[in-house]
Amino acid sequence: MASTDIDRLSIDTIRTLSMDGVQAANSGHPGLPMAMAPVAYLLFARVMEHNPADPSWPDRDRFILSAGHGSMLLYSALHLSGYDLPLDELKNFRQWGSLTPGHPERDRVHITPGVEITTGPLGQGFANGVGMAMAERFLRAHFGAEVQNHRVFAIVSDGDLMEGIAAEAASLAGKLGLGRIVYVYDDNDISLDGPTDLSFDTEDVAKRFDAYRWHVQTVDDANDLGALEVAIDQAMREEERPSLIRVKSIIGWPSPNKQGTSKAHGSPLGEDEVRLTKEVLGWDPDQHFVVPDEVREHFDQRERGAALQAEWEQRYRTWRDGHEELATQWDAAWAARPLPGVREALEGIDWEKDKLATRSAGQKAMAAFSDYLPTMVGGAADLSESTKTEFPGGHELNYKEGRPARNVFFGVREHGMGGAVNGMAGHGGIVRPYGSTFLQFADYMRGSVRLSALMGLEVAWVYTHDSVGLGEDGPTHQPVEHLAALRAIPGLVVIRPGDANETAAAWRTILEDLDGPAALILSRQDLPVLPDADFDGVARGAYVLRGDDDPEVAIVGTGSELSVAIGAAELLSADGVRVRVVSMPSWELFAAQDDGYRDSVLAPGLPAVAVEAGVSQGWERWVDRVVAIDRFGASAPGALVLEKLGITADNTARAARELLGALTT
């Protein structure tokens, strides 16, 4: 379709709003919004099915600005489409408390209508979109196309495609045949350092994505609306493969002096250049944040969006009347909550053994709550046999092309897995999606874990092989600093259960109590099943497991070291020392309790020693001494490594005696 005067005026309004916003803040990235304004205009004003009056409509198309540095592009398009994002917010770009932060953010406090996911770290949005497409395909198969039938659109950049997470996610999307993905690649030959021939000109991106089994097209001019529209239409017709549209653009176009250069990438154009650019466009250079009346009327999508949603709601009501059981599941899924019965199922597990690794207990727990979370989807990074994180059915019920299912085999793609899991949560309808690997490899996906906490996404990160106790694989696979690193992330609840019963209680807490992400830390080695473990105490972060009412010292244990703490207490009790054993599976949950409860567990003035097979960092908040591992591990049988590094009942009891001796001298 040939562009019209109102098309061009609408596109140029995006450009001028973006220039003005960045210039007013004296900070930002004007080049991408100026170059990709035609794409944003087409998507928001013609192509996508969305309703600005209801940004949470379940069957809306999703849009992700993976190149989040160009955030003014998104804010301008949202404002012009009719979302509740007033012009004053665009004028307040990058300022304290505004709804227009430097990169698009979906956080716990400032909710920008129309922003689906936090982007900025390049490649994350790309992977999030893959997760959203996985969610849409699963929910469409589970509930029916009458109520779930939409697409995922994104604008991605050179930087996104350089990041490894995008490669991981793209490979997965091709394998799964996620045909509802339409990504527009802004190929402008510029990165922040300068021309991409510094680092990214020998790779043929189109051939790479063709090899990933994507549907690839090229548009030679970002300003050619007709070619763009045809390419987007062709991508939307492709149902078997994800689509990438390579669009050649000129960054900062039509800035007379900065277009096509890195100077348009990471800093404002400058007042003089903004004036010159407006003059090129035929705009009054003395006016700022101008929205012509005809553009406001033409671009506004509220009427069209309301009609689209009304059609969906009519289908939804008809579907609901005929699918009572699915309707109940739908309500729970979009409330991000399990069906009733999770607690009873988890409390009733027969562990069948006196000793059980908590990873194995986790497998039994997942089987027990499976029926109560019919839209929980997740998997492991090529480690499902080791992490034991899959629902009954295993390989026979794996998520694959043509048959979306609950068990996802992510392959050795930890970072891509993390981004996809966040995308599933951001999409909605997938209750507590999860990703799993060895705790050591939390490092490979830390960016995604951090973003899950920043956004408050209800995801579960399940990590097994949680200490040097895993043994012979040695220090490359033995996590020591990882618990401390995860605990350092604000908003992430880390739970390290000490036995099978605590593992079941931890899962209940994650599924029913938490409104943000959780990291569940599980053992490889067998641990005693403790008859006195307190199911409800786990949800409070720490509790008194056993011991004297008038203790002289407390021994605190987490995870596999809870049984070490018990052994130390028994040694001390044999010497006449009054000991309290405290199980402390979660610092974060314990810190959230009131002072009275915390004091009832770890009384002020009560000497306390902790034992944990990881670095000591952070324990000073809770105890006076800690038996820990402030070095890397070693390759040997796990029990021997723990013994050699001092994670024993004898060493813990010795630390308690030394503490008591120091306090009495």
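Residues numbered from 1 in each chain as written. Predicted model: local features only at pLDDT ≥ 70, side-chain atom pairs only at ≥ 80, totals over all residues. Heavy atoms only, no water.

Asker: It is not clear to me how helix α1 (residues 5–25) should be interpreted in this structure. Could you clarify?
Answerer: Residues separated by three or four positions in an α-helix point in the same direction, a consequence of the helix having 3.6 residues per turn. With 21 residues, α1 extends 30 Å between its outermost C-alpha atoms, agreeing within 8% with the 30 Å of an ideal straight helix rising 1.5 Å per residue. Among the 21 residues that make up α1, 16 are buried, leaving the element largely enclosed by the rest of the structure. Just downstream of α1, Asn-26 is the residue with a positive phi angle, here 55 degrees. (Helix = DSSP H or I, 4+ residues; strand = E, 2+ residues; numbered from the N terminus. Expected span 1.5 Å × (residues − 1). Buried < 20%, exposed > 50% of the residue type's maximum accessible area, 1.4 Å probe, protein only.)

Asker: So what exactly am I meant to see when it comes to the nonpolar core here?
Answerer: Nonpolar side chains in soluble globular proteins tend to end up buried together. Phe-126, Met-134, Trp-214, Phe-369, Tyr-463, Leu-486 and Trp-507 are the most contacted members of the largest nonpolar core, which totals 156 residues. The biggest single contributor to this core is helix α5 (residues 124–143), with ten residues. When sequence neighbours within four positions are dropped, the list of residues in contact with Phe-369 reads Val-342, Leu-346, Met-376, Phe-391, Trp-507 and Leu-511. With 52 residues, the next largest nonpolar core counts Ile-11, Ala-37, Leu-42 and Ala-67 among its residues. (Core = buried A, V, L, I, M, F, W, Y, C linked by side-chain atoms within 4.5 Å. Contact = heavy atoms within 4.5 Å.)

Asker: I keep staring at the packing of helix α12 (residues 302–322) against helix α13 (residues 324–334) and nothing clicks. Help me out?
Answerer: Helix-helix packing is described using two parameters, namely the angle between the two axes and the distance between the axes. Where α12 meets α13, the closest approach of the two axes is 6 Å, and the angle between their N-to-C directions is 125 degrees. What the angle tells us is that α12 and α13 run oblique. Residues Trp-312, Tyr-316, Trp-319, Arg-320 and Gly-322 of α12 form the contact with α13, whose participating residues are Glu-324, Leu-326, Ala-327, Trp-330 and Asp-331. Tallied by class, residues from the contact of α12 with α13 come to six nonpolar, one polar and three charged. (Axes fitted to C-alpha atoms, helices over the stretch in contact; angles between N-to-C directions. Parallel < 35°, antiparallel > 145°, perpendicular 65-115°, else oblique. Nonpolar A, V, L, I, M, F, W, Y, C, P; charged D, E, K, R; others polar.)

Asker: Explanation requested: empty space enclosed by the protein in the structure shown.
Answerer: To locate leftover empty space, one rolls a probe as large as a water molecule over the atoms. According to the stated counting rule, one finds three cavities of 30 Å³ or more in the structure shown. Lining the largest cavity, in full, are Phe-44, Met-48, His-50, Pro-55, Arg-60, Asp-61, Arg-62, Phe-63, Leu-78, Tyr-83, Gly-114 and Glu-116. As a volume, the second largest cavity reaches approximately 40 Å³. For the second largest cavity, the full set of lining residues is Gln-329, Ala-332, Ala-333, Arg-337, Pro-338, Leu-339, Tyr-372, Leu-373, Pro-374, Thr-375 and Val-431. Taken together, the residues that form the lining of the second largest cavity break down as eight nonpolar, two polar and one charged. (1 Å grid on protein atoms, 1.4 Å probe; cavity = no way out; pocket = protein on both sides within 12 Å on 5 of 7 lines; lining within 4 Å. Points joined across faces, edges and corners; volume = space filled by probe spheres on them.)

Asker: I keep staring at the pattern of salt bridges and nothing clicks. Help me out?
Answerer: Opposite charge on two side chains allows them to pair when their charged atoms are near. Tallied over the full model, the rule gives 37 salt bridges. We note a salt bridge from Glu-401 to Arg-213, for which the minimum N-O separation is 2.9 Å. With Glu-401 in the loop between α16 (384–387) and β10 (407–409) and Arg-213 in the loop between α8 (205–211) and β6 (215–219), this pair connects stretches of sequence that are 188 residues apart. Glu-401 sits in the partly exposed class, given a relative accessible area of 31%. One network of salt bridges, in which partners are shared, links Glu-136, Arg-140, Arg-151, Arg-180 and Glu-239. (Salt bridge = Lys/Arg side-chain N within 4 Å of Asp/Glu carboxyl O.)

Asker: Where do I start with the sheet that holds strand β11 (residues 434–438) in this structure?
Answerer: Sheet strands pair via backbone hydrogen bonds, and the direction of the pair is either parallel or antiparallel. Ordered by their spatial adjacency, six strands build an open sheet running β10-β9-β11-β12-β14-β13, and the pairing between neighbours is parallel. The two strands at the open ends of the sheet, each matched to only one other strand, are β10 and β13 (493–495). Within this sheet the neighbouring strands show an average axis-to-axis angle of 20 degrees, counted without direction. (Pairing = 2+ DSSP bridges.)

Asker: Can you walk me through the sheet that holds strand β7 (residues 243–248) in this structure?
Answerer: Spatially, β1-β2-β3-β7-β6 is the arrangement adopted by the five strands of the open sheet, whose pairing is parallel. Of all the strands in the sheet, the pair left with one neighbour each is β1 (62–65) and β6. The mean angle between the axes of side-by-side strands here comes to 15 degrees, regardless of whether they run parallel or antiparallel.

Asker: What exactly am I supposed to notice about the environment of Arg-657 here?
Answerer: Along the chain, Arg-657 falls in helix α26 (residues 649–664). The exposure class of Arg-657 is partly exposed, given its relative accessible area of 37%. Spatially, the C-alpha atom of Arg-657 lies 37 Å from that of Glu-352, the residues being 305 residues apart in sequence. Filtering out sequence-adjacent residues up to four positions away, Arg-657 remains in contact with Leu-571, Leu-572 and Asp-575. A polar contact of 2.7 Å, which involves the side chain of Arg-657, links it to the side chain of Asp-575. (Polar contact = N/O pair within 3.5 Å; in protein donor to acceptor, adjacent residues only side chain to side chain.)

Asker: Before we go on, may I ask you to explain the packing of aromatic side chains in this structure?
Answerer: Each aromatic ring pair is characterised by the separation of its centres together with the angle its planes make. Throughout the structure, instances matching the rule amount to 26 aromatic pairs. Each ring, one from Tyr-316 and one from Trp-330, has its centre 5.6 Å from the other, and the planes form 45 degrees; the classification is tilted. With Tyr-316 in helix α12 and Trp-330 in helix α13, this pair connects stretches of sequence that are 14 residues apart. Each member of the pair Tyr-316 and Trp-330 is classed as buried. Aromatic pair Phe-369 and Phe-391: ring centres 6.2 Å apart, planes at 80 degrees, arrangement edge-to-face. With a gap of 22 residues between them, Phe-369 in helix α15 (residues 358–369) and Phe-391 in the loop between α16 and β10 connect regions that are remote in the sequence. On the accessibility criterion, Phe-369 (0% relative accessible area) is buried. Through a chain of ring-to-ring contacts, the aromatic side chains of Trp-57, Phe-143, Trp-312, Tyr-316, Trp-319, Trp-330 and Trp-334 assemble into a single cluster. Arg-406 extends its terminal NZ or CZ atom over the ring of Phe-391, reaching a point 3.8 Å from the ring centre. (Phe/Tyr/Trp six-rings, centres within 6.5 Å; stacked < 30°, edge-to-face > 60°. Lys NZ or Arg CZ within 6 Å of the ring centre and 35° of its normal.)

Asker: I keep staring at the pairing of strand β3 (residues 181–187) and nothing clicks. Help me out?
Answerer: Consecutive side chains of a regular strand alternate in pointing toward one face of the sheet and then the other. Of all seven residues making up β3, seven are buried, and the element is well covered by its neighbours. Residues Ile-181, Tyr-183, Tyr-185 and Asp-187 of β3 are buried on one face, and the alternating residues Val-182, Val-184 and Asp-186, pointing to the opposite face, are buried as well. Two strands pair when backbone bridges link them, and strand β2 (residues 152–157) and β3 are joined in this way by six bridges, in the parallel orientation. Pairing of Phe-153 across the sheet is with Val-182, part of β3. Both β3 and β7 contribute to a ladder of six bridges, which runs parallel. Within β7, the position partnered with Asp-187 by the bridge is Lys-248.

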